[in-house]
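# Breakdown of the fold
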Amino acid sequence: MLEAVLIDLFSLPANLQNNIQGLLHNILETIEKCSSIHAPCVYVMCCQRQGSEKKGEQEFLLPALRDFQSLKRRLEVVCAQTTAAALYTIKQRLDEKDLSIIKVILPTLRKDLMKVYIDHLFTAVYQFEFEDLQVVSDCENLQISEPQHEEQTLPSQDVALIQSEIQMYLESLPSLKGELTILRSSLIPDDIFLHGFTTRTGGISYIPTLSSCNLFSSSKRRDPQVVVKENLRRLANAAGFNPEAFHRVKVDHANAVCIMGKTEPDNYDGIVTDQKGVTLAAPGADCIPVLFADPIRKACGAAHSGWKGTLLGVSMAIVNAMVSEYGCNMKDILVVLGPSVGPCCYKLPHESAKEFHRIDPKCVRLFDSASPYIDIRRTTRILLERGGIPPENIQDDSITDQNQNITFCTACHPDKFYSHFRDGTNFGTQIGFISIKD
C-alpha cells in the first residue's frame, strides 16, 4: 500500500514559477481523489531561492494547500537550495514514520536525474514508483500519467556532479550525539601503529538505532552507503588515516583470512598486511573486532569474531597467517579485543553453548539452562593462549586496570556502542582499525 507521495516542484520551467500555486492545487486534487480510503503522507519539494526565507516559501504555497483537509496533517512543504538537501530532509521524515513505499510525481525531464539521487541517498529498504508530471505553460492543462519515456542513462559528468552535491551537503551536516571518540589500547605501540576502536558518537547517521557514527551499510538497513562514507571520512580525519586506503573484512562468520596483495577471497573475516599506510578494519556490533600487531616484523591484522568465527578459530587463523606470510614470531604478536557483547548479556541456545563448554566450562554460565550465557572473549583468549600467544600479549576485559579497559560490553552501554543483540535488525556498526605508520 502506498505510504507517501513526493511531489517534485524543485526545477519547474521558468514560465511556470508564477503559477506554482495552481499547479500544486491540481496535483493535490488528483492525489486526494485517488486516496480517499488511505491518505498517504505528501511531501512537496521545491527550490528555496537564494535570499528567500524557507518560511516565506511555504507561506507562498499556502493558498494551494488550504482546500485539502484530508491531507493537511500529512502534508509538508520542504524547501532547500539543492535537490540533495531537500531529498535528504524528506528521507528523514520518511524514516521518522517508518515509511518505505513512495510514489514520486515529477516533471518527465527530472526522472533520470532523480533516480541517481535516490540510488545514492536510499537503500533497498525503500520502494519507489514514478509518475510523469507533464506540464505546459497553462496550469489548466496539467496531466499526471504513467511514465512514457524510455530509460535513459545520465552522462557520467552529470552523475559526478550529483555525487559531488550530495557529498558537499553531507559534509556540511553537524555531528550527532557528541564528538567522535576513538578508544585506543596501550598495548599496541603508537610509534609504529595507528589503531583504534570506534564508538557510536560523532557521525551523521540519525536513525535512533544507527545514530550516529554507523560504519556499515546494507540493503536491509536504512543508512545509505554515502552516509557511511561520510562517517568514515570524519573518522579518518580524526584518526589520521587515508580513507581511500581502507579495507574492511567481508564478513562471513567463518575463519577465512585475506592476505593483502594476494587474490582477495569472496568473503573473509580476517585480513593481514605488512604494507605501510593501509588501514585494515573489522566491524562489530556484539561480535568482537580483534586487532593484531607485531612491532618486530611490522605486520598487523584485523578479525571479526562472532560466536561462529570464535569457535572456528578466526583469531588463530590471523596469527598463523602473520607467521607464515611475514615470518612473525608468536611471542611478538600483540592482540587486543575490542568492544563486544559480554557474558553478562549474551545468550545462545543450549546446543551451541555445548561447543563453548567443550573448550572450557568457564566460557559458559548457567550451562544447564535452555539459553546459557556465553563468554566469547574468554573463549578467544583461551584459543589464542593454546595456540602460542603469551597471556600478557592479549588485552581483553580480564585486564584489571579499568582505565585501560576497552573491551566494554556493547549491549550494556547504549550511549557508547551499537548492539545487534539489544537493538534488533536495524542496528549500527562500530569497527576496530589498524595500520602501519608510514
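Below is a summary of the structure that appears in this document.

Criteria and cut-off values
Residues numbered from 1 in each chain as written. Predicted model: local features only at pLDDT ≥ 70, side-chain atom pairs only at ≥ 80, totals over all residues. Heavy atoms only, no water. Helix = DSSP H or I, 4+ residues; strand = E, 2+ residues; numbered from the N terminus. Buried < 20%, exposed > 50% of the residue type's maximum accessible area, 1.4 Å probe, protein only. Contact = heavy atoms within 4.5 Å. Areas by Shrake-Rupley, 256 points an atom, 1.4 Å probe, with all protein chains shown as cover. Pairing = 2+ DSSP bridges. Polar contact = N/O pair within 3.5 Å; in protein donor to acceptor, adjacent residues only side chain to side chain. Axes fitted to C-alpha atoms, helices over the stretch in contact; angles between N-to-C directions. Core = buried A, V, L, I, M, F, W, Y, C linked by side-chain atoms within 4.5 Å. Domains from an automatic or database assignment. Salt bridge = Lys/Arg side-chain N within 4 Å of Asp/Glu carboxyl O. Phe/Tyr/Trp six-rings, centres within 6.5 Å; stacked < 30°, edge-to-face > 60°. Lys NZ or Arg CZ within 6 Å of the ring centre and 35° of its normal.

Take the overall build of the protein next. Broken down by element type, the protein carries twelve helices and 19 strands. In the protein, which comprises 438 residues, the share counted as buried stands at 53%. For the protein, restricting intrachain contacts to residue pairs at least 6 apart in sequence, the fraction spanning at least 24 positions comes to 69%. Just so you have it, the protein exposes about 19700 Å², and 49% of that area is on carbon and sulfur atoms.

Okay, the sheet that holds strand S19 (residues 430-436) next. Overall, mixed pairing links the five strands, which are arranged S7-S8-S19-S12-S9 in an open sheet. In the strand order of this sheet, the two ends are held by strand S7 (182-183) and strand S9 (246-248), each with one partner. In this sheet, S19 lies alongside strand S8 (residues 193-198) in antiparallel orientation, the contact comprising five bridges. When the sheet's bridge partners are listed, histidine 195 is paired in S19 with isoleucine 434.

With respect to the element layout, glutamate 131 can be found in strand S5 (residues 127-134). Relative accessible area serves as the criterion here: at 12%, glutamate 131 is assigned to the buried category. There is a polar contact of 2.8 Å between the side chain of glutamate 131 and the side chain of lysine 103.

The next thing to look at is the pairing of S8. Summarising burial for S8: six of the six residues are buried, a large majority. Burial along S8 is two-sided: Phe193, His195 and Phe197 facing one way and Leu194, Gly196 and Thr198 facing the other are all buried. Across two bridges, the pairing between S7 and S8 is antiparallel. Within the sheet, the bridge partner assigned to isoleucine 182 lies in S8 and is threonine 198.

An order of S10-S11-S14-S13-S15-S18 is seen for the six strands of this open sheet, with the pairing classed as mixed. In this open sheet, the two strands that pair with only one neighbour each are strand S10 (257-259) and strand S18 (394-395). Across the sheet, helix H9 (residues 314-326) is in contact with S10, strand S11 (270-273), strand S13 (288-294) and strand S14 (299-305); its angle to S14 comes to roughly 160 degrees.

As a further point, take the nonpolar core. Where a protein is soluble and globular, its nonpolar side chains tend to be buried together. Among the nonpolar cores identified, the biggest contains 39 residues, and Leu87 and Leu170 are the most heavily contacted of them. Secondary structure elements with two or more residues in this core: strand S1 (4-9), strand S2 (41-47), strand S3 (75-80), helix H4 (83-96), strand S4 (101-107), helix H5 (111-121), helix H6 (156-172) and helix H7 (225-239). Top contributing element to this core by residue count: H4, with seven residues. Here this core spans two domains, and each of domain 1 (4-135 + 163-171) and domain 2 (175-436) adds at least three residues to it.

Next up on the list: the environment of aspartate 360. The topology assignment puts aspartate 360 in the loop between helix H10 (350-359) and strand S16 (364-365). Along the sequence, aspartate 360 and threonine 379 sit 19 residues apart, while their C-alpha atoms lie 7.6 Å from each other. With near-sequence residues (within four places) excluded, aspartate 360 lies in contact with Ile382 and Arg386. Only 2.8 Å separates the side chain of aspartate 360 from the backbone nitrogen of lysine 362, close enough to count as a polar contact.

Counted by the stated rule, this structure contains 21 salt bridges. A salt bridge links aspartate 95 to arginine 222, with the nearest nitrogen and oxygen atoms 2.5 Å apart. Placement of the pair is aspartate 95 in helix H4 and arginine 222 in the loop between S8 and H7, with a sequence separation of 127 residues. The burial state of aspartate 95 is the same as that of arginine 222; both residues are buried. When the shortest N-O distance is used, the salt bridge between arginine 234 and glutamate 230 registers 2.6 Å.

All right, on to the packing of aromatic side chains then. Counted according to the given criterion, the structure contains eight aromatic pairs. For the pair phenylalanine 122 and phenylalanine 128, a centre-to-centre distance of 5.0 Å together with 80 degrees between the ring planes defines the contact as edge-to-face. By relative accessible area, which is 6% here, phenylalanine 122 ends up buried. With a centroid separation of 5.3 Å and an interplanar angle of 50 degrees, the aromatic rings of phenylalanine 241 and phenylalanine 433 are classed as tilted. Of the two residues, phenylalanine 241 is situated in the loop between H7 and S9 and phenylalanine 433 in strand S19; the sequence distance between them amounts to 192 residues. Phenylalanine 433 matches phenylalanine 241 in its accessibility class, with the two residues each being buried. Joined through ring pairs, the aromatic side chains of Tyr88, Tyr169 and Tyr206 make up one cluster. Taking NZ or CZ as reference, arginine 221 lies 3.9 Å from the ring centre of phenylalanine 427, over its face.

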